[in-house]
Amino acid sequence: MIKEKGILFVLSGPSGVGKGTVRKALFEKDTELKYSISMTTRPIRSGEQEGMDYFYRSKQEFEQMIRNNKLLEYAEYVGNYYGTPRDYVEETLESGKDVFLEIEVQGALQVKENFPEGVFIFLFPPSLDELKNRIINRGTETEDLVRNRLLAAKEEIEMMDAYDYVVVNDEVETAVKKVQSIVRSEHCKRERVAKQYKKILEAELG
Ligand SMILES: Nc1nc2c(ncn2[C@@H]2O[C@H](COP(=O)(O)OP(=O)(O)O)[C@@H](O)[C@H]2O)c(=O)[nH]1
Ligand SMILES: Nc1ncnc2c1ncn2[C@@H]1O[C@H](COP(=O)(O)OP(=O)(O)O)[C@@H](O)[C@H]1O
């Protein structure tokens, strides 16, 4: 009996669009997906926890992980490294469970090269003005960083065509429902493919 691998889902989009918010709301409802916790060199923010929000590491430790090929992808984003530990993703998919990544655009494009069979979802802001408001309201950035993040956002939006799905994050609940529909629909697709394989096998075996 061939064991089916899990599906890799990648939620990406510009900083401030609401990736973290949508992902957290999704995980309050969905216990089937496995969230891959990223590694970062950025300082821990108040309210965050090591091993829950991120694995916080020094630049030297992060670079060691890169050299040892321990990251599935990584990106330098507004002065800090962010990356996805490879082992967790590969082992979880292998065990048949779905993995969910929430990462920025450069990293998502690297994942697409290694895992073209993954499902790539672009979270889109209702407008650039609203994106700016969200970054400012979050209150985690200085004025200079807000400007940097908005400039990055404009470039990231250009990459949208490389994704399988686009979800506008107007209301969190609506965006979560759309992501859940994508997950369900991808499962149906794979079930259909599995059934086709089964038919071929049965025909061959007579
Ligand atoms: N490439 C990559 N990006 C990540 C990873 N983890 C988080 N990010 C992204 O890095 C960006 C900055 O994250 P963070 O500093 O937590 O700020 P925030 O998500 O904007 O609150 C966001 O766009 C995250 O989605 C990762 O493992 N790899
Ligand atoms: N649908 C939404 N409507 C209004 N505000 C939102 C929505 N989604 C997220 N936000 C707010 O926007 C800010 C940025 O969200 P966050 O999840 O940190 O974005 P990202 O992870 O993409 O950088 C936060 O203050 C969050 O509460």
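Computed from a prediction, not measured in an experiment: that's the story for all the values here.

About the cut-offs
Residues numbered from 1 in each chain as written. Chains lettered and ligands numbered in written order. Predicted model: local features only at pLDDT ≥ 70, side-chain atom pairs only at ≥ 80, totals over all residues. Core = buried A, V, L, I, M, F, W, Y, C linked by C-beta atoms within 7 Å. Buried ≥ 20, exposed ≤ 12 C-beta atoms within 10 Å, placed from the backbone. Helix = DSSP H or I, 4+ residues; strand = E, 2+ residues; numbered from the N terminus. Contact = placed C-beta atoms within 7 Å. Pairing = 2+ DSSP bridges. Axes fitted to C-alpha atoms, helices over the stretch in contact; angles between N-to-C directions. Near = placed C-beta within 6 Å. Nonpolar A, V, L, I, M, F, W, Y, C, P; charged D, E, K, R; others polar. UniProt positions renumbered as here; feature names shortened; annotations may be inferred. Arc of directions from axis to C-beta.

A. Spotlight on the nonpolar core. L8, F9, V10, L11, I121, L123 and V179 are the most contacted members of the largest nonpolar core, which has 38 residues in total. Counting residues per element, this core draws most heavily on strand β8 (residues 119-124), which supplies six residues. With near-sequence residues (within four places) excluded, V10 lies in contact with L101, I103, A108, V111, G118, V119, F120 and I121.

B. Quick peek at the sheet that holds strand β6 (residues 80-85). Strands sit in the order β4-β3-β6-β5 across an open sheet of four strands; the sheet is mixed. The outermost strands of the open sheet, each flanked by one partner alone, are β4 (54-56) and β5 (71-77). Averaged over neighbouring strand pairs, the angle between their axes works out to 25 degrees when direction is ignored. Of the strands in this sheet, β5 and β6 are in contact with helix α3 (residues 86-94), which crosses β6 at around 25 degrees.

C. Molecular detail of the site of ligand 2. The environment of ligand 2 is formed by 13 residues, the closest being G18, K19, G20, T21 and R134. When residues of the shell around ligand 2 are traced back to their parent elements, those giving at least two are α1 (19-29) and α5 (128-138). Taken together, the residues that form the shell around ligand 2 break down as two nonpolar, seven polar and four charged.

D. Structural context of the site of ligand 1. Residues in contact with ligand 1 amount to 17 residues; listed here are only the nearest, S38, Y82, I103, E104 and G107. Of all the secondary structure elements, the ones that give two or more residues to the shell around ligand 1 are α1, β5, β6 and α4 (105-114). Its residues assigned to classes, the shell around ligand 1 comprises four nonpolar, eight polar and five charged.

E. Quick look at the UniProt feature "binding site: ATP" (unreviewed entry) in the protein chain. In the UniProt entry, the feature "binding site: ATP" (unreviewed entry) is given for G13, P14, S15, G16, V17, G18, K19 and G20. Note on placement: G18 falls in the loop between β1 (8-12) and α1. Those residues in contact with G18, other than ones at most four positions away along the chain, are L123, R134, N169 and V172. With respect to the helices, strands and loops of the structure, K19 is situated in helix α1. In this structure K19 comes out as buried when scored by C-beta crowding, with 20 C-beta atoms within 10 Å. Beyond its immediate chain neighbours, meaning those up to four positions away, K19 contacts L11, G13, E102 and L123.

F. Expanded view of α4. Taken as a whole, α4 has its buried residues at V105, G107, A108 and V111. Viewed end-on, α4 has its buried residues packed into an arc of 155 degrees, placing them on one side of the element. Residues of α4 that are buried make contact with β1, β5, β6, β7 (99-102), β8 and α6 (143-157).

G. Spotlight on the sheet that holds β7. Spatial strand order, β2-β7-β1-β8-β9: five strands in an open sheet with parallel pairing. Only two strands of the sheet have a single partner each, and these edge strands are β2 (34-35) and β9 (165-168). Looking at chain direction, β1 and β7 are connected through four bridges and run parallel. Paired with L11 across the two strands is E102, which belongs to β7.

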